[in-house]
Amino acid sequence: MESVRSLLLLISLFPAIANGLTRHYKFNIVTRNATRLCSTKPIVTVNGQFPGPTLSAREGDNVLVKVVNHVKYNVTIHWHGVKQIRTGWADGPAYITQCPIQPGQSYVYNFTLTGQRGTLWYHAHILWLRATVHGAIVIKPKLHVPYPFPNPHQELVLILGEWWKADTEAVINQATKTGQAPNISDAHTINGHPGPISTCVSPQDGYKLQVNRGKTYLLRIVNAALNEDLFFKVAGHKLTVVEVDAVYTKPFIVDTVLITPGQTTNVLLTTDKSSGNYLVTASTFMDAMIIAVDNHTATATLQYKGTLATSPLSTVEVPQRNATPLATSFADSLRSLNSKTYPANVPQNVDHSLLFTIGLGINPCPTCINGSRVVAAINNVSFVMPEMALLEAHFFNKQGVFTTDFPGKPPVAFNYTGSGPTNLQTTNGTRLYRIAYNSTVQVVLQDTGIIAPESHPIHLHGFNFFVVGQGVGNYDPKTSPSKFNLVDPIERNTIGMPSGGWAAIRFKADNPGVWFLHCHFEVHTSWGLKMAFLVEDGEGANESLLPPPSDLPKC
Ligand code: C2O
């Protein structure tokens, strides 16, 4: 007892000692039956939970997660947004940084949360398993370091998801076979619950957020959906955005949050009503009308304590699926906090200036339904997954696994957002783009109108980037840069590109390794909309990739 007391005293006297704890987690990947939306099916989960358990830590902590695979699929877990400085082995995308954990095997992900605090999330990074294998990562600031906003009374994690009545592996396998788009989902979910849905005979109540009046709550919102951007609203309440992707923002007040797959958003909600039940909604944003979407709105209830569940529910109007101006104004409002403590270190000069076309294509496929299949590509390259991990091939200098000739610009220039080329065929390759340690990179992500312009959520592993500019139509190298924000642009790890437009991102390649860049619409990743950067080691002592852990899975 005495020793515990003196330890506590010591910790409070020397807060630095209390930082950098080691957190141990065990993730058992197991199948369980789940009932959602009037169907029961086996789902793959972390520890039998859906969504999975929240991983909580503080900035500076070392996190060890032992993942044990008890299911029939190969599994990996990605810690989405965690920078993994020099620890690419713990990043998680299958065949990029590791071979998968095979059934019956385990792997310990070992990483440190350096220079990041806020909400991130984890998810399976193989097949479509992330539909049900995901959860929040809550990184608190270091001990005694306050938030740069009023301290909330309570914090709540809200995970938005997407639910298929059918088995999601069967959905994507079917699509791969036929060459056509996979079936859309049957519902969206909030913390695993769709809420009442008219197409379901036994509607569920949905998730309840119970609140006291006169308090401020921090909602940590994660979009874990596979293929859909979502609008998030709470009836009768404004939301103050304070952080995205574990980066503090200049606070701004909205009725509606836009959040793409892969993104996280923290908002403050003040319970300024005296009582009542208020509808919470997550609804689809997809302004390319020819793309089929699941237009079911997930609902939950914000319930003031003391209000009966049977009391009337205040409802809210859900935005149209093509509410482009709402989406644009949300994206335009995001700014890094850029304070003294949390500066925006925007690269002012660029060593590599790249133009990536992002879009779909059509390739021949004799066994497919139309004799062709829908594919997706960056600079007309549909990425082919290798049979061993790229990071291992790089570290051990194995030849023949990948090439480093990924094109820095489209092979042919065309009117990207206009009528497009006549030949929609893409090329295949496992091609990486090589960059020297600490060089600065600008990537202009240019949507194409091939098949349909779409708002692709592009995610980069290993780094945050700054969104220095975005616009509709084609990027113009002469006029577009003059409007760049190089002072306080938003810093994040996933950007929802404007459909039929472009976004310019910048990052400093200060993390050696092999880093995946891909569309976070799982359907587009499956179709090849992905590539990787190879960042070389630097010269200094702390500038090289660490050696692989001894339990790194084998292919
Ligand atoms: Cu959240 Cu490569 O993914």
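My aim in this report is to walk through the structure given alongside it, one point at a time. All residue numbers refer to position in the chain's written sequence, counted from 1. Since the coordinates come from a predicted model, pLDDT governs what is reported: local features require at least 70, and pairs of side-chain atoms require 80 or more to be given and counted, while whole-chain, interface and lining totals use all residues. Side-chain numbers here rest on the full set of heavy atoms in the structure, without hydrogens or water.

Side note on the state of the cysteines
The criterion for a disulfide is a pair of cysteine sulfur atoms lying within 2.5 Å. Scanning all chains against the criterion turns up two disulfides. Here Cys 99 connects covalently by a disulfide to Cys 555, the sulfurs 2.0 Å from one another. Its S-S torsion of approximately -100° makes the covalent link between Cys 99 and Cys 555 left-handed. Placement of Cys 99 in the loop between β5 (77–80) and β6 (106–112) and of Cys 555 in the segment after β33 (530–535) is noted, with a sequence separation of 456 residues between them. Each sulfur in the disulfide pair Cys 365 and Cys 368 lies 2.0 Å from the other. Given an S-S torsion of about 75°, the disulfide between Cys 365 and Cys 368 has right-handed geometry. Neither Cys 365 nor Cys 368 differs from the other in exposure class; each is buried. Helix numbering and strand numbering both begin at the N terminus, where a helix is a DSSP run of H or I of at least 4 residues and a strand a DSSP run of E of at least 2. We call a residue buried when its accessible area falls under 20% of the maximum for its residue type, exposed when it is over 50%, and partly exposed in between, using a 1.4 Å probe and counting protein chains only.

Description of the side chain of Thr 264
When you line up the elements, Thr 264 lands in strand β17 (residues 264–270). Taking the relative accessible area as the measure of exposure, Thr 264 reaches 1% and is therefore buried. Under this definition, polar contacts are N or O atom pairs within 3.5 Å; protein pairs additionally need one hydrogen-donor-capable and one acceptor-capable atom, and for neighbouring residues in sequence, both atoms have to be side-chain atoms. Separated by 2.8 Å, the side chain of Thr 264 and the backbone oxygen of Thr 119 make a polar contact. We call two residues in contact whenever any of their non-hydrogen atoms come within 4.5 Å of each other. Apart from the residues within four sequence positions on either side, Thr 264 is in contact with Thr 119, Leu 120, Trp 121, Ile 221, Val 222, Glu 243, Val 244, Asp 245, Ala 246, Ile 259 and Arg 492.

Quick notes on empty space enclosed by the protein
Cavity: a set of points on a 1 Å grid over the protein atoms alone where a 1.4 Å probe fits but cannot get out. Pocket: an open set with protein on both sides within 12 Å along at least five of seven lines, its lining residues, like those of a cavity, having an atom within 4 Å of a point. Grid points are joined across faces, edges and corners, and a volume is the space filled by probe spheres set on the points. Within this structure, the stated rule accounts for one cavity of 30 Å³ or more. Of the pockets and cavities examined, the largest cavity occupies roughly 30 Å³. Amino acids are sorted into nonpolar (Ala, Val, Leu, Ile, Met, Phe, Trp, Tyr, Cys and Pro), charged (Asp, Glu, Lys and Arg) and polar (every other residue, Gly among them). When grouped by side-chain class, the residues that make up the lining of the largest cavity number five nonpolar, one polar and no charged.

A short note on the packing of aromatic side chains
Aromatic rings considered in pairs are described by the distance between their centres and by the relative angle of their planes. Planes of paired rings set the category: under 30 degrees apart is stacked, over 60 is edge-to-face and the rest tilted, where pairs are Phe, Tyr or Trp rings (Trp by its six-membered ring) whose centres lie within 6.5 Å. All chains considered together, the criterion is met by 27 aromatic pairs. When the ring of Trp 79 is compared with that of Tyr 109, the centres are 5.4 Å apart and the planes differ by 65°; the resulting orientation is edge-to-face. Separated by 30 residues along the polypeptide, Trp 79 in strand β5 and Tyr 109 in strand β6 bring together distant segments of the chain. The exposure class of Tyr 109 is buried, given its relative accessible area of 0%. The interplanar angle of 65° and the centroid separation of 5.3 Å between the aromatic rings of Phe 356 and Phe 406 together place this pair among those described as edge-to-face. Note that Phe 356 is positioned in strand β21 (residues 352–364) and Phe 406 in the loop between α5 (390–395) and β24 (427–429), a separation of 50 residues in sequence. As far as burial versus exposure is concerned, Phe 356 and Phe 406 are alike and both buried.

What to know about the sheet that holds strand β2 (residues 39–46)
Strands in a sheet are paired, the pairing made by backbone hydrogen bonds, and the direction either parallel or antiparallel. Being paired, for any two strands, means DSSP has found at least two bridges between them. Across the sheet, four strands lie side by side as β2-β1-β4-β6; this open sheet has mixed pairing. The open sheet has two free edges, formed respectively by β2 and β6, since each of these has just one partner strand. Ignoring which end each strand starts from, the neighbouring axes of this sheet average 20° apart. Relative to β6, strand β4 (residues 62–69) is paired through seven bridges, and the arrangement is antiparallel. Across the sheet, residue Val 65 finds its bridge partner in β6, namely Tyr 109. Here an axis means a line fitted to C-alpha atoms, over the contact stretch when the element is a helix, while the angle between two N-to-C directions is reported on a 0 to 180 degree scale.

Concerning unusual backbone geometry
Note on backbone geometry: most residues besides glycine have negative phi, and most peptide bonds are trans. The linkage connecting Phe 50 with the following residue, Pro 51, adopts the cis geometry, with an omega of -10°. Within the secondary structure, Pro 51 is located in the loop between β2 and β3 (55–58). A positive phi angle is found at Gln 84, which is not glycine, with a value near 55°. For Gln 84, the location among the structural elements is in the loop between β5 and β6. With a phi angle near 50°, Leu 127 is a residue other than glycine that sits in the positive phi range. Tracing the backbone shows Leu 127 in the loop between β7 (118–124) and β8 (134–140).

Some remarks on the sheet that holds strand β32 (residues 513–519)
Strand order in the open sheet made by the five strands is β25-β33-β32-β27-β30, with mixed pairing throughout. Across the chains shown, the open sheet's two edge strands, defined by having one partner strand only, are β25 (432–435) and β30 (494–496). Across the sheet, the mean angle separating the axes of adjacent strands is 20° when strand polarity is ignored. With six bridges joining them, β32 and β33 adopt antiparallel strand pairing. Note on β33: the bridge partner recorded for His 518 is Lys 530.

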